[in-house]
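# Descriptive analysis of the structure
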Amino acid sequence: MTALRSPKTLRTEVLAGLVVALALIPEAISFSIIAGVDPQVGLFASFTMAVAISFLGGRPAMISAATGAIALVIAPVMRDHGYDYLIATVLLGGLIQVVLALAGVAKLMRFIPRSVMVGFVNALAILIFLAQLPHLVDVPWAVYPMVAVGIAVIVGFPRISSVIPAPLVAIVALTAFVLIGAIDVPDVGDEGELPDSLPAWFVPDVPFTLDTLETIAPYALAMALVGLLESLLTAKLVDDITDTHSDKTREAWGQGAANVVTGFFGGMGGCAMIGQTMINVKVSGARTRISTFLAGVFLLILVVGFGDVVALIPMAALVAVMIMVSVGTFDWHSVRTLPRMPKSETAVMLTTVAATVATHNLAIGVVAGVLVAMTLFARRVAHVTQTHRELVEDERGTKAVYRVTGELFFASSNDLYTQFQYAEDPDRVVIDLSGSHIWDASTVAALDAITTKYDRKGKSVEIIGLNEASAERHGRLSGQLGGH
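These lines cover the structure that appears in this document, whether it is placed above or below. (Residues numbered from 1 in each chain as written. Predicted model: local features only at pLDDT ≥ 70, side-chain atom pairs only at ≥ 80, totals over all residues. Heavy atoms only, no water.)

### What about unusual backbone geometry?
Heads up, the condition is: Burial classification: accessible surface area is computed with a 1.4 Å probe over protein chains only, and a residue below 20% of its type maximum counts as buried, one above 50% as exposed, and the rest as partly exposed.
Although it is not a glycine, Ala 61 adopts a positive phi angle of roughly 75°. Despite not being glycine, Ala 182 shows a phi value in the positive range, around 50°. For Ala 182, a relative accessible area of 66% translates into the label exposed.

Structural data, given as structure tokens:
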């Protein structure tokens, strides 16, 4: 409502939506090709996703549409079972996203380290750039100077005026240049045929049986997880850029609901598009749901009402826009600070980048980065655990006291067994855990193994200093974990 009352803000939102819509068209068409469906399936999915998420989502100004990651996941369904099964997969995937959102999956975002986020952003920038290379290979020579001019306009125009987004100026100028000069270069029309009708209600014709569920469920689950991961990471990135907070749980179920709406209109499903979101938020300066809504509306108007005109836009103009999006998305500061960063943090970031670029799947890259981060963290924490031994005299004689400090879990407790001098210790042994915490069954099993080994030598073991949670876990599991 604030934006609607401010002509300047409203103009920013409207123009941002228009720029995003123009950039969405060739991408939606190319993602349709990846999924093995007609271009209109991807274009209609982008329209319904953008419009639906503008009302349902938890992150204003974030763009959701048909994406390459979702296309890769559901392509085998289209190839092996056909269009109706693909739409059924999208519908089930959306429902799974709603269920996961209500179960609190968004809260898991706090377990993604900063180094993974940096790797995610950098990998995305690289992927956006790599996606432009096919449009720069085996093309007329005129494409190269046009891309260079487009980049120059995007970089230089904001110094002259910030009223109109520079990418829109570049697109209009290069399109006019091509039409006036009658220059033959690849255009949007070469990417695929644009639809000439509005999306219609569609219910997939598939048998409502367990066999159908078994066929589509694995792909629907993969689609749900990939979509949520990309969307929540993108929302977190926009939070950082705009210094605002968003409702991640609402965003998660909003993505699911938007996919259900998209499925019933025959769309291929989607999730947040970080490249288009960067155009909207970082390049064009949009901040509200209006830009997201208008991106969807403009997309439909452009492809259905002005398809003949849109088809004439040279791909060189859109390539220039996306190259600058790539440059703006990349975290150059992370490269400059590499020499000062811990090697473990650098390893996590590079793993995320390498896995993402190798698979062209952001979800796989993030999962790989998180796994490496978890492993390195566990290894680092395991080395923090220390055991100190001393001999103490009391009225009953000599006893060995072991003071264990640090967090005890599977990585650290496996070494705990070797820290005791079983042969040399006197008949009484005390293990003081007041400076530590028992986190899992592995630690209880290690303590049982230590006690058992002392028992075999006729020596008694007393464990003291357990905090309440550790005492409860040790009392419940001790002696119940099998052989030692």
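That covers the picture; the talk isn't over yet.
### What about the packing of helix H19 (residues 441-456) against helix H20 (residues 468-477)?
Counted only if it meets this: Axis definition: a line fitted to C-alpha atoms, over the contacting stretch in the case of helices. Angles run 0 to 180 degrees between N-to-C directions. Secondary structure elements follow DSSP: runs of H or I no shorter than four residues count as helices, runs of E no shorter than two count as strands, and numbering proceeds from the N terminus. Left-handed describes a crossing whose near helix is turned anticlockwise from the far helix by less than a right angle; the clockwise case is right-handed. Whether two residues are in contact is decided by their heavy atoms, any of which lying within 4.5 Å being enough. Ten residue types, Ala, Val, Leu, Ile, Met, Phe, Trp, Tyr, Cys and Pro, are classed as nonpolar, four, Asp, Glu, Lys and Arg, as charged, and the remainder, Gly among them, as polar.
Where H19 contacts H20, the axes come no closer than 10 Å and their chain directions differ by 65°. Crossing geometry of H19 relative to H20 is assigned as right-handed. Listed contacts from H20 to Ala 441, Val 444, Leu 447 and Asp 448 of H19 are Arg 473, His 474 and Leu 477. Here the contact of H19 with H20 is composed, by residue class, of four nonpolar, one polar and two charged.

### Observations concerning the nonpolar core
For the record, the criterion: Throughout, nonpolar core names a set of buried Ala, Val, Leu, Ile, Met, Phe, Trp, Tyr and Cys residues whose side chains join them through atoms within 4.5 Å.
With 109 residues, the main nonpolar core has Ile 25, Ile 112 and Met 268 as its most contacted residues. In terms of residue count, the dominant contributor to this core is helix H2 (residues 7-35) (twelve residues). Grouped together as the second largest cluster of nonpolar side chains are 16 residues, Tyr 402, Leu 416, Phe 420 and Leu 433 included.

### Let's talk about helix H12 (residues 289-305)
Note the cut-off: Here a helix's expected span is defined as the number of its residues, less one, multiplied by 1.5 Å. Nitrogen and oxygen atoms within 3.5 Å of one another constitute a polar contact, given that in protein one can donate a hydrogen and the other can accept it, and given that sequence-neighbouring residues count only through two side-chain atoms.
The end-to-end C-alpha separation of H12 is 24 Å, in line with the 24 Å expected for 17 residues at 1.5 Å each. Regarding H12, the residues found buried are Ile 290, Ser 291, Thr 292, Leu 294, Ala 295, Gly 296, Phe 298, Leu 299, Leu 300, Leu 302 and Val 303. On its buried side, H12 packs onto helix H1 (2-5), H2, helix H3 (39-56), helix H11 (274-283) and helix H13 (307-310). Where H12 begins, the capping side chain belongs to Thr 288, and its oxygen is found 3.2 Å from the backbone nitrogen of Ile 290.

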